[in-house]
Structure formats: C-alpha cells, structure tokens
Amino acid sequence: MNISSWPGQSAGGWLWLTLSLGILAAAGPARQIGAAPDLFWSPRSELRGVWAHYYGIPDWAQTMRNLHQANFNAVFPYMCSAGVAYYPSRLLPFSETAGPYDYLAKATSAGQQYGVQIHARMLVLEALFSSDQTKVQLAQQGRLMRNSTGGTLPWLCPTNPYNREQVVGVAREIARNYPVAGLQLDYMRYPHRDCCFCEHCRRKFVHDTFGSGTEVRWPHDVISGAYKDAFLRWRQEQITGLVREIREAVKSTRADIALSAAVFPNWRSAPERFGQDAQAWIEQGLVDFICPMNYTADIITLIGWLQQQRELIGGRVPLMAGLGPFSDACQFDGPHQLLDQILIARDEGATGFVIFNYNEQFAQDYLPYLAMGVTSTPASP
Ligand SMILES: [Zn+2]
C-alpha cells in the first residue's frame, strides 16, 4: 500500500494513531504494542460482517458491491421475527408493509455474485414488526409471554409447543430453501426477569421440577419465594433447549450451515436477567460461532467484555465481536473509533467482527476508511 493513502496521514488521523497506540499501551503490559504496521494489518482469514435490514440500501446489489469493495465478506440481515417474514414462508405471514418480495432470495443471489456470505437472521421470540392483527391472534391463542400481573408481552413463550414448532419450522425452511451460509439467532431470550408466567410455563415448571403432586403458589413462589432460583435455572433451560432443537433441525437439513447467535455482552448476568446462557450454548456445542453485541463507546468496557467472553468460550468456538457504531447504546464520533475497536477485538482474540449496522453513512464514510487499512485486502470468513 502506498503510504500516502494511509488514514494516518491526515491531522485527525495522526491524532487517531496516537490514541490507538495509547489505548494499546494502556490496556496492559502483556499486550503486544506492536508497531504501527499492525494498525494497518489486514488478515487473510477473518469474518468481516455487518448486521442489516431485510432490504439492501438502496438495493442488495449495491450493498454487496460496497461490501465487496471494502473486503467485507458477510451480512446478517433479519429475514423474519416471531410474527412476520420477508420471504414467502409457509409458517409466517408476509410483511404487509414490505410487499410480497422474496428479500432473502434477492440477498442470497446478490451475495453469491459478489462473494459475500448471507447469514439469515431470525428475531426468534419477539414479534417485532408484526401486524396488530398477528399480535392479537397470538394473544388469543395464548402463545405470548405473560408477566406477573397477567399482562401480555409481544414475545412468544418458548415453552408453548406451537411456538416451538413454528420457530424450529422457520429455521428448517430457510435452511432447506435458500443457499445461506448461516443462520443467526437473535432475540433468543426473555425480555426481562418479569416473565413468563403463562399457564404452559406453570404446568411445565411444576412437572419438570417436581413431577406431580406439589403445590406451587404461582407466580409468588417462583418470583421471590422458595423456588426463585429453580425457576431462573429452568427459564434458561427453556431457551437453551429451543436452541438445541433449532440446531438439530438445521443440521439435519443442511449440515454445512453455520448456526450462530447474537447475544448480550455480559455472560455472567444475562442468564438470570434474560434466560440467555451463551456459555451453556457453547459448552453444549449448540452454536458454531458467537456474536456478542459489544455495543459501547468506552474501550475499557469493551476490553473487559471481550476478555470475559474469551475466557468463558475457552477456545471452543470463534468469537466474532459485535461492534455498534450506530447502536442504541452508543453512537461513534466517526470511523476512527470503529477502527480502534476492530484493533482491540483482534488483539483480544476475536476471529472476526460484525458491525451494527449497515446504513448509508456506514457505506459512505466507514467502509472506505476501513478499506484503506484494516480491511485493505480480501479475507476468507
Ligand atoms: Zn410461558
């Protein structure tokens, strides 16, 4: 690469370079404070992905062209939620607003043309973007989560057998009908602690925990009473068990599809708060790689999360660091901040990164900036 094209040439770039080295130095003596060339190193093997909407911007062909030019190699577009699909599904209604187009076919076809992998993302349990009619129907069928005051939440209860059948069936139909490289599970969790207390959960919790004959004051005993801890563990198993069922369905349909998950960054608190035990999924061999959504502008927080994740993964699966320049949790000042975080992720042992999320500003300002250095040469995912 010609040195004149380095981002470090501009005044802002030098500031960034100095900051980057400062960050690396501050993070500990064991770190290789390698030399400036490391900052422009573009490895040959690395997943470089973006999370995206079901549609491309302005279309999938242009999106793939932009990504390909910047040597990105993977896209994770959401293609369905718990109550809507953006492809013709036998199990979910088509999106009313998006029109009857097969967005997944468009994405996979453009991806193949430009050598960019598609990992179809399922917003598994939340009925995001669903029509009011669908939500009313799901509520009437008793399939939505209930909180402790009896209120209905727009989330599928994971213990309800109809819900499990739908979710597993959707994963199977995507695997069967589309040449995707992977399937990613998102919203694979409860929204918070205060759920689910529906009738299915009451019966199944009592059955799984005691067999029969035990009286449980529901939901009091499982919220603050004697069975609180047992209930929290049981909740985690409802989610983990569903991941297991999805994996079996996907792998028996097409063994070469990579199953991954987008998960919260703090794996010590997420099991209790959200029933999401990423460590258990990894230990039980349920995911092929993991994408923690490490959305923060604070690099010390980022380093802490990555180190915890790497320790808990224990080398079992690749860690793909989710980074969030456009997330709700933080907004970056510019592409230099993302570049710093990519360097940190690499340094902490991540074998790839996924950016939240692809938009016009990312295509215009971020991709060309990264392509001048850290993604300047092609990489295989
Ligand atoms: Zn329930």
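Computed from a predicted model, the values in this text were never measured in an experiment.

**A look at the overall build of the protein**
Here comes step 1: Within the protein, the secondary structure is distributed over 14 helices and 10 strands.
Here comes step 2: For the protein, the proportion of its 381 residues judged to be buried stands at 56%.
Here comes step 3: The contacts in the protein between residues at least 6 apart in sequence include a share of 76% that link residues at least 24 apart.
Here comes step 4: Within the structure as shown, the protein displays about 16,100 Å² of accessible surface, and the carbon and sulfur contribution to it stands at 51%.

**A few points about the environment of V167**
Here comes step 1: One can find V167 in helix 6 (residues 161–177).
Here comes step 2: Classification of V167 by relative accessible area gives buried; the value is 3%.
Here comes step 3: Discounting residues that sit within four places of it in the chain, V167 has contacts with M122, V124, L156, L242 and I246.

**Side note on the nonpolar core**
Here comes step 1: In this structure, F72, M122, I174, M188, I246, I290 and F362 are the most contacted members of the largest nonpolar core, which totals 122 residues.
Here comes step 2: Other than its neighbours up to four places away in sequence, M188 contacts V124, L125, I239, L242, V243, I246, Q276 and W281.

**Describing the pattern of salt bridges**
Here comes step 1: Within the structure shown, the criterion is met by 14 salt bridges.
Here comes step 2: The residue R346 makes a salt bridge to E46 at a minimum N-O spacing of 2.8 Å. In this pair, R346 is assigned in helix 13 (residues 335–347) and E46 in the loop between helix 2 (36–39) and strand 1 (47–52), connecting sequence segments 300 residues apart. Like E46, R346 is buried.
Here comes step 3: Here K251 makes a salt bridge to D288, at a shortest N to O gap of 2.9 Å. Here D288 lies in the loop between helix 11 (278–283) and strand 8 (289–292) and K251 lies in helix 9 (residues 228–253), a separation of 37 residues in the sequence.
Here comes step 4: Each of E46, R48 and R346 takes part in salt bridges that share partners, so that together they form one network.

**Some details on the coordination of the zinc ion**
Metal coordination angles have textbook ideals: 109.5 degrees for a tetrahedral set of four donors and 90 or 180 degrees for an octahedral set of six.
Here comes step 1: Here the zinc ion is held by the protein donor atoms C157 (SG), C196 (SG), C198 (SG) and C201 (SG), which lie 2.2 to 2.3 Å from it.
Here comes step 2: Taken together, the four donor atoms surrounding the zinc ion define angles of 98 to 116° at the centre, an arrangement classified as tetrahedral.
Here comes step 3: Linear spacing of the donor residues for the zinc ion on their chain is C-x38-C-x1-C-x2-C. On the criterion of sequence distance, the pair formed by C157 in the loop between strand 5 (152–156) and helix 6 and C198 in the loop between strand 6 (182–186) and helix 7 (199–210) is long-range, its members being 41 residues apart.
Here comes step 4: C157 gets classed as buried once you look at its relative accessible area, which sits at 1%.

**Description of the confidence of the model for the protein**
Here comes step 1: For the protein, the mean per-residue pLDDT works out to 91, and 90% of the residues sit at or above 70.
Here comes step 2: Contacts of residues 1–37 to residues separated by more than four positions or lying in other chains number 38 contacts, the stretch itself having pLDDT below 50.

Rules used in this analysis
- Residues numbered from 1 in each chain as written.
- Predicted model: local features only at pLDDT ≥ 70, side-chain atom pairs only at ≥ 80, totals over all residues.
- Heavy atoms only, no water.
- Helix = DSSP H or I, 4+ residues; strand = E, 2+ residues; numbered from the N terminus.
- Buried < 20%, exposed > 50% of the residue type's maximum accessible area, 1.4 Å probe, protein only.
- Contact = heavy atoms within 4.5 Å.
- Areas by Shrake-Rupley, 256 points an atom, 1.4 Å probe, with all protein chains shown as cover.
- Core = buried A, V, L, I, M, F, W, Y, C linked by side-chain atoms within 4.5 Å.
- Salt bridge = Lys/Arg side-chain N within 4 Å of Asp/Glu carboxyl O.
- Donors = N, O, S within 2.8 Å, 3.2 Å for Na, K, Ca; no water.
- Tetrahedral: all angles 85-135°; square planar, octahedral: opposite > 155°, others 65-115°.
- pLDDT = per-residue confidence, 0-100.

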